Amino acid sequence: MRILVIGGTGNVGGRTVARLRESGHEAVPAARNPGPGGLALDLGAIGERTEDLEGFDAAFLITPLGPEETEIGLAAVKALRDAGVGRIVYLGIHNLEAMRAIPHFETKVPIKQAVLDRASDCVIEANFFFQNDLMALPAMTGAGIYPLPVGTTGVWSVDAADIARAAARALTLPDWAGRAVPVCGPERFTGPAIAADWGAALGREVAYGGDDVEPFVGQMRGVIPGMTDWMAEDMAIMMKVTQEMGCPATPDDLAASENVVGAPLTTHRAFVHRTLEETTP
């Protein structure tokens, strides 16, 4: 199959491109600067580039976080369909409607609805990412603090590599057409539990930094280039909602996740050890 991966240079998109190519498909990353073999694409102007979208059997759509996400995403769905793309798989978020008080959850709701209006298309709904921990790695190795205020209600975080596996299978197999499919990790995690996993792997105490959201958002302003006030407010609301609600997964969610991933779900401990192997000289 010839498959377009919009957002194909990012955390999930890049892994999806690699997974598809490993499986023998022609995967074309689309981004502002996609590199050799990619499609240079400004997603905000996708409606003006319909001819560039022709000839693809399927497309994976990852929309950019921001107040214009709904408009951009709906335009992308229309452009892909106008170009004759046979299947769209959209990267959504697990518990999207229940947690739509978070701005970047709310912006995705209309896009999800538009994608599922066509029976051939699919939405994969990812829980929190293990890779969020990477923002905290310097604090853990330096000060012995896990600073992300995840709270103690619990999330079922998942490896971005498992999300890419799920995306590749949903793009190339018809089993999940017309459905929203959860992609969760195999276990419930709280802020203290995440810190404990890192501490055990690092061989030192790593303490959870607590639930105070504002200092964390302030720190992220210094870490994330170009972080806007909208993004800062979104992040603060997300952490507060997560502390209250968690991002829960049911046994049925976990079974569906393993089914679409097509392999046992990666554990957080396995992710931690893999990360340390990859980052330790």
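The structure displayed is predicted, hence computed values, not measured ones.

A. The arrangement of the sheet that holds strand β4 (residues 58–61) in detail. Reading across from one edge, β3-β2-β1-β4-β5-β6-β8 is the order of the seven strands in this open sheet, with parallel pairing throughout. In this open sheet, the two edge strands, each paired with only one partner strand, are β3 (39–40) and β8 (180–183). Direction of pairing for strand β1 (residues 2–6) relative to β4: parallel, over a ladder of four bridges. Bridge assignment links V5 to a residue of β4, and that residue is F60.

B. Focus on the pattern of salt bridges. One pass over the structure, following the stated rule, counts 15 salt bridges. Its salt-bridge partner being R32, residue D42 comes within 3.3 Å of it at the nearest N-O pair. With D42 in the loop between β3 and β4 and R32 in the loop between β2 (26–31) and β3, this pair connects stretches of sequence that are 10 residues apart. E97 is the partner of K112 in a salt bridge, and the nearest nitrogen-oxygen pair spans 3.0 Å. Of this pair, K112 sits in helix α4 (residues 109–116) while E97 sits in the loop between β5 (87–93) and α3 (103–106), placing them 15 residues apart in sequence.

C. Spatial organisation of the packing of helix α7 (residues 191–202) against helix α11 (residues 268–279). Closest axis-to-axis distance for the α7/α11 pair is 10 Å, and the angle between their directions is 45°. Judged by the inter-axis angle, α7 sits oblique to α11. You can see that α7 and α11 cross each other, and the crossing is right-handed. Residues I194, D197, W198, A201 and L202 of α7 form the contact with α11, whose own contacting residues are H268, R269, F271, V272, H273, T275 and L276. Considered class by class, the residues forming the contact of α7 with α11 number seven nonpolar, three polar and two charged.

D. Expanded view of the environment of G55. Its location among the elements puts G55 in the loop between β3 and β4. Taking relative accessible area as the criterion, G55 reaches 55% and is therefore assigned exposed. As for G55 and D121, which are separated by 66 residues in sequence, their C-alpha atoms are 17 Å apart.

E. The arrangement of the packing of aromatic side chains in detail. Per the counting criterion, the structure on display carries two aromatic pairs. Here the aromatic rings of W198 and F271 are separated by 6.3 Å at their centres, their planes lie at 90°, and the arrangement is edge-to-face. Taken together, the residues span a long stretch of sequence, with W198 in helix α7 and F271 in helix α11 at a distance of 73 residues. F271 matches W198 in its accessibility class, with the two residues each being buried. Through successive ring pairs, a cluster of aromatic residues spans F130, W198 and F271. Sitting over the ring of F56, R2 keeps its end group 4.0 Å from the ring centre.

Each value, and the rule that gives it
- Residues numbered from 1 in each chain as written.
- Predicted model: local features only at pLDDT ≥ 70, side-chain atom pairs only at ≥ 80, totals over all residues.
- Heavy atoms only, no water.
- Pairing = 2+ DSSP bridges.
- Helix = DSSP H or I, 4+ residues; strand = E, 2+ residues; numbered from the N terminus.
- Salt bridge = Lys/Arg side-chain N within 4 Å of Asp/Glu carboxyl O.
- Axes fitted to C-alpha atoms, helices over the stretch in contact; angles between N-to-C directions.
- Parallel < 35°, antiparallel > 145°, perpendicular 65-115°, else oblique.
- Left-handed = near helix turned anticlockwise from the far one by under 90°.
- Contact = heavy atoms within 4.5 Å.
- Nonpolar A, V, L, I, M, F, W, Y, C, P; charged D, E, K, R; others polar.
- Buried < 20%, exposed > 50% of the residue type's maximum accessible area, 1.4 Å probe, protein only.
- Phe/Tyr/Trp six-rings, centres within 6.5 Å; stacked < 30°, edge-to-face > 60°.
- Lys NZ or Arg CZ within 6 Å of the ring centre and 35° of its normal.

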